[in-house]
Amino acid sequence: MSPNVEGPTHASAPSAPVLAAYSYCEAVTGTQARNFAYGIRLLPTDKRQAMSALYAFSRRVDDIGDGTLPPEAKLVRLEETRALLGRIRAEEVDEDDTDPVAVALAHAARRFPIPLGGLDELIDGVLMDVRGEEYETWDDLKAYCRCVAGAIGRLSLGVFGTVHTGGLGAPEAARADEYADTLGLALQLTNILRDVREDAANGRTYLPAEDLAKFGCSEGFHGDRAPAGADFAGLVHHEVRRARALFVEGYRLLPMLDRRSGACVAAMAGIYRRLLDRIEREPEAVLRGRVSLPTHEKAYVAVRGLSGLDARTISRQSTRRRI
C-alpha cells in the first residue's frame, strides 16, 4: 500500500533575498542551538530552511525573556514580536523586508502548513517567565511546557508532515499532534533539570513546588550542593521518571514521519534522552554546571536516527500494543 504523504502546501523556489534570509536563520541555529542543529542537518533543504526560520523566531522570543531589559520593556518587546507574527500570518512581509527572520518565516509559512498560532503560545509562555510565575503542581508546569515546548513540537510537525500507512490506522495517526506536543514536554522537562542551577541564579524556579516540598528542596538551589537535609537525588529521579514516560509516549510519533524527518526527531530526542541518562546517574552534577554530551556522542545519536532504528523499534512496540 502506498503511503499518504502530508507535506508542503505549495512550493516556490526561494528568491535571492529569501535564500539570504534562510542563510541568516541557519547561521543563528548553528551557533546558538547545537543540539537542535544536529537534528535538522538530517532534513532535506526545504525542511531544514523552514526549521531554521522557526528556530530563529523562537530564539528571538526566548532572548527577550532571558535578556537584561526591565520587565516592562520585555512586555513591550514581546507584544511587538506578536505584532510581527501577525504581519507574517497576514502575508504582509515582503521579500525585501529588512528583518531576515520575518522574511524566512513568511516564506516557510507559505511553503508548509505551519500552525503559526504555536508561536503565539510561545510568546504566552515567555510572558509567564517575565511575570515570574511559579508552578505548584505538575499540571501547572505542564501548561507552561505546552506553551514553550509542546507548541514547538506541533509547529515542527507542520514542516515534517506525516506519512500514514496501513499499519498505523486512522485513530493512531490522528494523534500525531498530541505525540509531537508530548515529545516537546519531554525535552522541556529535561531542559529544566539540566538548567536548575542556572535558572535559580536568574531567580526562576520551574520544578513544581509540591515536588520540591516532598523531597525537602523548597529552599531552592543556590550553590553547587543540594540544600542540607534535602533528598535532591530523589527529586531528580522522580522528575526523570516523569520525563521518560513522556519520551515513551512522544516517540510514538516517529513511525508517522518520513525517513529524514523521523531521523531529525530521533536525533534531537536521542540527545536529550542521553542527557537525561547522565543526569540520572549523577544528579548533583546539574548543580555544578551545565551537563552536556561530547560531539562524538551527538554524532552517534544522529547516525542512529538516520538509520531509522528508533522509528522501527517504536513501530514494532506500537504494533504489539494494538495486538
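Reading guide: rules and limits
- Residues numbered from 1 in each chain as written.
- Predicted model: local features only at pLDDT ≥ 70, side-chain atom pairs only at ≥ 80, totals over all residues.
- Heavy atoms only, no water.
- Helix = DSSP H or I, 4+ residues; strand = E, 2+ residues; numbered from the N terminus.
- Buried < 20%, exposed > 50% of the residue type's maximum accessible area, 1.4 Å probe, protein only.
- Contact = heavy atoms within 4.5 Å.
- Areas by Shrake-Rupley, 256 points an atom, 1.4 Å probe, with all protein chains shown as cover.
- Core = buried A, V, L, I, M, F, W, Y, C linked by side-chain atoms within 4.5 Å.
- Axes fitted to C-alpha atoms, helices over the stretch in contact; angles between N-to-C directions.
- Parallel < 35°, antiparallel > 145°, perpendicular 65-115°, else oblique.
- Left-handed = near helix turned anticlockwise from the far one by under 90°.
- Nonpolar A, V, L, I, M, F, W, Y, C, P; charged D, E, K, R; others polar.
- Expected span 1.5 Å × (residues − 1).
- Phe/Tyr/Trp six-rings, centres within 6.5 Å; stacked < 30°, edge-to-face > 60°.
- Lys NZ or Arg CZ within 6 Å of the ring centre and 35° of its normal.
- Salt bridge = Lys/Arg side-chain N within 4 Å of Asp/Glu carboxyl O.
- pLDDT = per-residue confidence, 0-100.

A. Quick peek at the overall build of the protein chain. Tallying secondary structure elements over the protein chain gives 16 helices and two strands in all. Counting all 323 residues of the protein chain, 51% fall into the buried class. When contacts within the protein chain are restricted to residue pairs at least 6 apart in sequence, long-range pairs at least 24 apart make up 75% of them. Element-wise, carbon and sulfur atoms account for 51% of the exposed surface of the protein chain, whose accessible area totals about 14,600 Å².

B. A look at the nonpolar core. Membership of the largest hydrophobic core comes to 99 residues, with the highest contact counts inside it found for Phe57, Ile88, Leu119, Phe221 and Phe232. Element by element, the count of residues in this core is highest for helix 7 (residues 138-160), at eleven residues. Every residue in contact with phenylalanine 232, bar those within four places of it in the chain, is listed here: Val196, Cys217, Phe221, Ala226, Pro283, Glu284, Val286 and Leu287.

C. Broad picture of the packing of helix 3 (residues 45-66) against helix 6 (residues 117-130). For the pair helix 3 and helix 6, the least separation of the axes is 9 Å and the interaxial angle reads 20°. Put simply, helix 3 runs roughly parallel to helix 6. Two packed elements cross with a definite hand, and for helix 3 against helix 6 that hand is right-handed. Contact residues: helix 3 offers Leu54, Phe57, Ser58, Val61, Asp62 and Gly65, while helix 6 offers Leu119, Leu122, Ile123, Val126 and Val130. For the contact of helix 3 with helix 6, the class distribution of residues is eight nonpolar, two polar and one charged.

D. Layout of helix 12 (residues 232-250). Counted at 1.5 Å a residue, the expected span for helix 12 with its 19 residues is 27 Å, and the 27 Å between its end C-alpha atoms agrees. Within helix 12 the residues assigned to the buried category are Phe232, Gly234, Leu235, Val236, His238, Glu239, Val240, Arg242, Ala243, Leu246, Phe247 and Gly250. On its buried side, helix 12 packs onto helix 7, helix 9 (176-194), helix 10 (196-201), helix 11 (209-214), helix 13 (259-281) and helix 14 (285-288).

E. Spotlight on the packing of aromatic side chains. Applying the stated criterion across every chain yields a total of five aromatic pairs. Aromatic pair tyrosine 144 and tyrosine 206: ring centres 5.3 Å apart, planes at 25°, arrangement stacked. One end of the pair, tyrosine 144, is in helix 7; the other, tyrosine 206, is in the loop between helix 10 and helix 11, and 62 residues separate them in sequence. The exposure classification of tyrosine 144 matches that of tyrosine 206, with both residues buried. Among the aromatic residues, those joined into a ring-pair cluster are Tyr135, Tyr144 and Tyr206. The lysine or arginine in question, arginine 273, covers the ring of tyrosine 251, its NZ or CZ lying 4.9 Å from the ring centre.

F. Structural context of the pattern of salt bridges. For the structure shown, the criterion picks out 27 salt bridges. Between lysine 47 and aspartate 258 there is a salt bridge whose closest N-O contact spans 2.8 Å. Linking lysine 47 in helix 3 with aspartate 258 in the loop between helix 12 and helix 13, this pair joins segments that are 211 residues apart in sequence. We classify lysine 47 as buried; its relative accessible area is 9%. The exposure class assigned to aspartate 258 is partly exposed, which follows from its relative accessible area of 24%. A salt bridge links glutamate 249 to arginine 175; the shortest N-O distance between them is 3.5 Å. Taken as a pair, glutamate 249 in helix 12 and arginine 175 in the loop between helix 8 (170-173) and helix 9 lie far apart in primary sequence, 74 residues in all. What makes glutamate 249 partly exposed here is its relative accessible area of 23%.

G. Broad picture of the confidence of the model for the protein chain. Summarising the model, the protein chain shows a mean pLDDT of 88, and 87% of its residues fall at 70 or more. Every residue in residues 1-7 scores below 50 in pLDDT, and together they form 15 contacts with partners more than four places removed in sequence or on other chains.

H. The arrangement of the environment of glycine 203 in detail. You can see glycine 203 is positioned in the loop between helix 10 and helix 11. Note: C-alpha distance between glycine 203 and histidine 222 (19 residues apart in sequence) is 9.8 Å.

I. How the structure looks around helix 4 (residues 71-89). Across its 19 residues, helix 4 extends 27 Å between first and last C-alpha, which sits within 8% of the 27 Å expected from 1.5 Å per residue. On the buried face of helix 4, the contacting elements are helix 3, helix 5 (100-111) and helix 6. Where helix 4 terminates, the next one or two residues include glutamate 91, which has phi positive at roughly 60°.

J. Structural context of unusual backbone geometry. Here the phi dihedral of glutamate 91 falls at roughly 60°; this positive angle occurs in a residue that is not glycine. Within the secondary structure layout, glutamate 91 lies in the loop between helix 4 and helix 5. For glutamate 91, a relative accessible area of 58% corresponds to the exposed category.

K. Here's a closer look at the packing of helix 9 against helix 13. Put simply, helix 9 and helix 13 touch, their axes get as near as 10 Å, and they point 35° apart. As helix 9 runs across helix 13, the sense of the crossing is left-handed. Contacts between helix 9 and helix 13 involve Leu183, Leu187, Thr190, Asn191, Leu193 and Arg194 from the first element and Val265, Met268, Ala269, Tyr272, Leu275, Leu276 and Ile279 from the second. Considered class by class, the residues forming the contact of helix 9 with helix 13 number ten nonpolar, two polar and one charged.

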